[in-house]
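Single-letter residue listing:
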Amino acid sequence: MKQQLPIALVFIFGLFMVFQYFVPHETSEEAYEFLLDWIVIIGIFALGLGIWSLIKVNWDKIAEARRNNTREWFYPCVTMAGLLMIIIPGFYGTKDGVSGFYFLSSEGLQNSFFRQLFNYIIVPAQSTMFALLAFYIASAAYRAFRARNILSTLLLGAALIVMLRFNPYIGPLSPIFADMANWLLNVPNLAAKRAIVIGIGLGVVATAMKVVLGIERGYMGKG
Amino acid sequence: MTLFDKMMTLDRRWIFLFLAVVCFITYYGKFQIPIPVNSEVRSVYNKIESLPEGSIVFLGIDYDPSSQAELHPMTYAIMEHCFRRKLGVLTAALSQNGPGMAEQVFMDVVDSMKLPREYNGVEYPARDIVKGVDYVFLGYKPYFSLIILGMGQNFRIPFPADYYGTPLDSIPMMQGVNNYDQVAFVCDLTSGNIADAWISYGQSRFNFDMALGLTGVMAADYYPFLNSGQLIGIMGGLFGAAQYEQLADNAGLAKDGMRVQVFAHLVIILFIIIANVGFFMSRRKQGN
Amino acid sequence: MDLTTFLWTTFGIYLTISIFSFLYKDNPFYKFTEHLFVGVSAGYFVIILWHNSLAPNLFNKIITDHVWLYFVPGIAGLMMFTRFSKKYSWISRWPLAAYIGISAGLAIPLEMSARVNRQLYASMANISWDNFWGPGFLNTTAGFSDIIVLVGALAGLIYFFFSKAHTGTFGAIAKLGLWILMIGFGTSFGFTVMARISLFINRIQSMETWRVASFNTANEHYSMIFPLAFYGILLLVLAYAIVQFIKFMKERASAA
């Protein structure tokens with residue numbers, strides 16, 4: 001039950017999905033729709049594990065900081081406060097003129113405070129965190145990109161041509177770089193990426209077959 | 001220590017400062033650069049231009065605020081283009097923060113359509129864009145591969161109701177619209193492996209016309225799919241968004257930001273050249 | 001822009017500058033913003049998941065539509081939480097196995113079709129011998145370009161075949177494949193630089209929008225708080241920079 005049943009389930013469901021692709025019969029389609037509907041619901045609970053994990057980790061940090069009488073409770077408190085600050089208005093809305101907490105309908109999504117938290121905390125914070133990468137790539141370009149051998153020279157050469165493709169300030173070289181970049185993208189880049197795509201496709205199919213046949217059992221964890 | 005040794009050990013914060021100063025100065029320069037248009041982007045524009053009035057376009061707003069810099073301008077330009085052409089826009093957001101991004105776009109574009117405007121020499125009168133009649137926002141569901149497959153059977157399987165909780169069967173625009181067969185064109189705007197899922201699970205199985213709007217990091221990787229005909233077009237990064245704005249005559253944040261791109265690229269190229277000169281000089285000195 | 005929106009936008013700009021301050025060094029402003037973002041982001045996901053997934057696909061089906069069969073996926077989903085128990089964690093393998101089986105089974109024919117079959121089909125393109133050199137400089141439709149695509153893709157695939165040693169003719173073709181791959185990675189790098197810079201440009205644009213709103217006296221909701229907030233944040237950043245510079249000079253002096 002602990003080991004064999006999961007392997008059997010993977011095999012049965014996997015085989016059915018492969019079989020269903022080639023069988024357009026109504027019964028096969030109905031079973032397929034039924035499975036798609038149910039498996040998304042099961043998967044949603046798996047996402048809840050991550051949220052529970054976040055709450056538990058921060059709760060434990062606060063408890064430990066209080067026990068040891070240190071100041072390290074502050075940042076986990078900020079995280080938990082942020083979590084509660086958006087969850088509470090996310091369930092509070094107005095329906096037919098009556099304001100209150102609604103759990104089975106989406107009034108909370110229209111809550112202006114909920115929207116403002118997204119627009120003025122999540123959006124600037126996440127976009128700025130990724131904007132830091134602009135500086136790191138400049139620093140990496142200065143410190144790491146060396147034309148040590150022919151391979152790195154090819155890489156750098158291709159990169160320079162693509163970077164200059166829309167630059168109008170390089171005089172008569174502008175249209176030449178634009179044409180070269182277009183050719184690079186549609187010919188050698190196409191060849192390289194096609195090889196990678198085919199390789200990935202074969203790898204995915206091989207791994208999926210190993211999973212369905214029970215050769216790959218990493219999803220079961222220990223025990 | 002020689003000059004080249006000092007160059008190699010320069011504190012990276014000076015590099016950060018130099019790049020930031022160049023970007024700010026170029027931004028406040030307020031000049032425009034010409035935007036050449038590639039065939040990959042033109043084919044997306046032409047596809048939407050060719051659709052008859054009343055056709056349904058599916059827009060996948062599958063990105064987070066981390067990619068809004070490149071994909072938001074594309075989304076604005078495409079959505080406004082669809083509304084001008086009086087096409088129905090059916091949207092889903094299959095990424096975690098996608099719903100918030102989609103709501104921002106809808107609010108801003110609906111406001112923008114309330115003003116009469118001229119694009120490419122054609123006058124467009126003011127128009128009220130009505131939710132449920134001109135657009136439907138399905139919302140978010142996890143496990144995008146399964147959702148893409150489910151929508152191919154019937155939109156109502158993964159989405160019994162839209163983002164606002166209205167059952168799909170009671171939405172006017174969704175009458176007679178069951179799956180991708182009733183959708184004229186699918187355009188997915190994404191920054192992650194949702195693009196792969198749309199190609200493998202969506203286009204491969206259901207054979208609809210599809211284009212992708214991608215971040216610059218991913219754009220070059222999808223040329224095989226463009227060449228094989230699985231995609232009709234790719235809009236890659238801020239440059240792709242600027243090209244679409246150029247075609248639609250709807251200048252926005254993408255065209256505004258391209259002048260900074262040009263000079264920032266020159267700065268990066270300068271850093272690479274300086275670093276390589278230093279490297280070769282140091283190597284020659286070691287050789288001597 | 002009204003006052004509430006301006007105050008929210010100012011807070012957003014404060015968060016932006018706090019995160020950018022990390023470029024100088026790690027500091028409490030950055031840490032606060034990072035932790036706040038993690039909490040708010042997780043909470044947003046909970047709400048979206050609840051209202052868009054759990055409520056319409058499960059709770060409403062059971063409570064409103066009375067389709068009792070939906071208790072089965074509900075219970076199967078709850079079985080996932082047994083993962084936290086040392087004694088009963090094996091129960092969580094059953095729903096996980098169903099999900100893994102379905103995903104793996106779907107992937108086999110679809111990935112084979114999209115990534116392998118269609119790509120191999122596209123590789124077997126007609127080489128235009130009539131138009132071998134193309135009408136102009138580096139034409140993508142020219143015959144020689146078609147040959148480069150075909151040979152390059154095959155060579156790239158041969159490079160990834162590690163079951164045979166890369167020696168002799170096989171090794172030479174693999175080396176050609178590596179060269180083609182390097183050009184592909186170079187084009188990706190060129191695009192990546194554009195992508196990263198775009199992210200910073202967007203932040204400049206949002207800071208400019210805020211700055212313009214601060215001084216727009218024509219706005220009917222304009223208030224003195226707007227320019228005060230702008231100058232306030234500017235002064236804070238300047239004060240922080242001056243303090244850090246003084247510390248840096250003192251450290252240099254004491255090191256000397």
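Criteria and thresholds
Residues numbered from 1 in each chain as written. Chains lettered and ligands numbered in written order. Predicted model: local features only at pLDDT ≥ 70, side-chain atom pairs only at ≥ 80, totals over all residues. Helix = DSSP H or I, 4+ residues; strand = E, 2+ residues; numbered from the N terminus. Rg over C-alpha atoms; globule rule 2.2 N^0.38 Å. Buried ≥ 20, exposed ≤ 12 C-beta atoms within 10 Å, placed from the backbone. Contact = placed C-beta atoms within 7 Å. Nonpolar A, V, L, I, M, F, W, Y, C, P; charged D, E, K, R; others polar. Core = buried A, V, L, I, M, F, W, Y, C linked by C-beta atoms within 7 Å. Pairing = 2+ DSSP bridges. Axes fitted to C-alpha atoms, helices over the stretch in contact; angles between N-to-C directions. Expected span 1.5 Å × (residues − 1). Parallel < 35°, antiparallel > 145°, perpendicular 65-115°, else oblique. Left-handed = near helix turned anticlockwise from the far one by under 90°. Arc of directions from axis to C-beta. pLDDT = per-residue confidence, 0-100.

J.: Looking at this model, I keep getting lost on the overall build of chain A. Mind explaining?
T.: When helices and strands are tallied, chain A shows 7 helices and 2 strands. Written out in order from the N terminus, the α and β elements of chain A read α-α-α-β-β-α-α-α-α. Compactness check: chain A gives a C-alpha radius of gyration of 27 Å against a globular reference of 17 Å for 223 residues, more than 25% above the reference. The principal-axis extent of the C-alpha atoms belonging to chain A is close to 65 × 55 × 50 Å. The proportion of buried residues among the 223 residues of chain A is 42%. Across chain A, every contact between residues at least 6 apart in sequence was considered, and the portion connecting residues at least 24 apart equals 23%.

J.: When you look at the overall build of chain C in this model, what are you seeing that I'm missing?
T.: Across its full length, chain C holds 7 helices and 0 strands. Starting at the N terminus and walking to the C terminus, you meet the elements of chain C as α-α-α-α-α-α-α. What you see for chain C is a C-alpha radius of gyration of 30 Å, clearly larger than the 18 Å of a compact globule of 256 residues, by over 25%. Dimensions along the principal axes, computed over C-alpha positions, put chain C at roughly 70 × 65 × 50 Å.

J.: What is the right way to look at the interface of chain A and chain B in this model?
T.: Reports often express the size of an interface as the amount of accessible area lost when the parts come together. Taken together, the 44 residues of chain A in the interface contact 43 residues of chain B. Mapped onto the side of chain A that touches chain B, the elements with two or more residues apiece are α2 (26–68), α4 (112–143), α5 (150–163), α6 (173–186) and α7 (188–212) of chain A. If one sorts the elements of the side of chain A that touches chain B by residue count, α4 of chain A sits on top with 13 residues. Looking at side-chain class alone, the side of chain A that touches chain B contains 27 nonpolar, 11 polar and 6 charged residues.

J.: For this particular structure, what's the right way to read the interface of chain A and chain C?
T.: On the side of chain C, 98 residues touch chain A, which itself brings 102 residues to the contact. When residues of the side of chain A that touches chain C are traced back to their parent elements, those giving at least two are α1 (4–22), α2, α3 (74–90), α4, α5, α6 and α7 of chain A. Top contributing element to the side of chain A that touches chain C by residue count: α7 of chain A, with 20 residues.

J.: Looking at this structure, how should I read the nonpolar core?
T.: Nonpolar side chains tend to gather and get buried jointly when the protein is soluble and globular. Counting 216 residues, the largest nonpolar core has I39 and A138 of chain A together with V57, Y222 and Y244 of chain B as the members making the most contacts within it. No other element matches α4 of chain A, which puts 17 residues into this core. Apart from residues lying up to four places away in sequence, I39 of chain A is in contact with L146 of chain B together with A98, Y99 and I102 of chain C.

J.: For this particular structure, what's the right way to read the sheet that holds strand β5 (residues 135–137) of chain B?
T.: Adjacent strands of a sheet form backbone hydrogen bonds with each other and so pair up, either parallel or antiparallel. Residues and elements named next belong to chain B. Pairing is parallel in the open sheet, where 6 strands are placed in the order β5-β2-β1-β6-β7-β8. Both edges of this open sheet fall to β5 and β8 (233–236), since each of them pairs with a single strand only. Adjacent strand axes in the sheet meet at a mean angle of 15° when their direction is disregarded. Sitting on the sheet, helix α3 (residues 39–50) is in contact with β1 (56–62), β6 (185–190), β7 (210–214) and β8, with an inclination near 120° to β8.

J.: Hey, could you run me through helix α1 (residues 3–20) of chain C in this one?
T.: Counting along an α-helix, one turn takes 3.6 residues, and residues three or four places apart therefore face a common direction. Over its 18 residues, α1 of chain C extends 25 Å from the first C-alpha to the last, a length consistent with the 26 Å expected when each residue adds 1.5 Å. For α1 of chain C, the complete set of buried residues consists of F6, T9, T10, G12, I13, L15, T16, I17, S18, I19 and F20 of chain C. Residues of α1 of chain C that are buried make contact with α4 of chain A together with α2 (28–63), α6 (168–214) and α7 (225–255) of chain C.

J.: When you look at the packing of helix α5 (residues 143–159) of chain C against α6 of chain C in this model, what are you seeing that I'm missing?
T.: Each pair of packed helices can be summarised by the angle the axes make with each other and by the distance between the axes. Residue and element names in this part refer to chain C. Across the interface, α5 lies against α6 with an axial gap of 7 Å and an inter-helix angle of 110°. Between α5 and α6, the angle is such that the two are roughly perpendicular. Along this stretch, α5 crosses α6, giving a crossing that reads as left-handed. Together, G152, A155, G156, I158 and Y159 of α5 and F170, I173, A174, L176, G177, L178, I180 and L181 of α6 make up the contact between the two elements.

J.: Honestly, α1 of chain A in this entry has me stumped. Any pointers?
T.: Taking 1.5 Å per residue, 19 residues should reach 27 Å; α1 of chain A reaches 28 Å between its end C-alpha atoms and fits that length. Taken together, the buried positions of α1 of chain A are occupied by P6, L9, V10, F13, G14 and M17 of chain A. The arc that holds the buried residues of α1 of chain A, viewed along the axis, is 115°, so those residues lie on one side. Residues of α1 of chain A that are exposed and point more than 90 degrees away from the buried face comprise Q4, F19 and F22 of chain A. Each element contacted by the buried residues of α1 of chain A is listed here: α7 of chain A together with α4 (93–123) of chain C.

J.: Looking at this structure, I do not really get unusual backbone geometry. What am I missing?
T.: What you tend to see is this: most non-glycine residues have negative phi, and most peptide bonds are trans. The backbone phi angle of N69 of chain A is positive, close to 60°, even though this residue is not glycine. Looking at the secondary structure, you find N69 of chain A in the loop between α2 and α3. Unusually for a residue other than glycine, K30 of chain B sits at a positive phi of about 55°. If you trace the backbone, K30 of chain B turns up in the loop between α2 (12–28) and α3. The exposure class assigned to K30 of chain B is exposed, which follows from the 8 C-beta atoms found within 10 Å.

J.: I tried to follow the environment of V136 of chain B on my own but got confused; where do I start?
T.: Residues and elements named next belong to chain B. Inspection of the secondary structure assignment puts V136 in strand β5. For V136, a count of 27 C-beta atoms within 10 Å gives the class buried. Distance from V136 to D5, taken between C-alpha atoms, is 60 Å for residues 131 residues apart in sequence.

J.: Help me understand the confidence of the model for chain A, please; the structure alone is not making it clear to me.
T.: Do not read the fine detail of predicted coordinates wherever pLDDT is low. Averaged over chain A, the pLDDT score is 90; the fraction of residues at 70 or greater is 99%. Looking across chain A, the model is least confident in α2 of chain A, with a mean pLDDT of 88, and most confident in α7 of chain A, with 95.

J.: Help me understand the environment of L176 of chain C in this model?
T.: All names here are of chain C. Counting through the fold element by element, L176 comes out in helix α6. Judged by the 17 C-beta atoms lying within 10 Å of it, L176 falls in the partly exposed class. Remark: the alpha-carbon pair of L176 and V151, spanning 25 residues in sequence, is separated by 9.2 Å.

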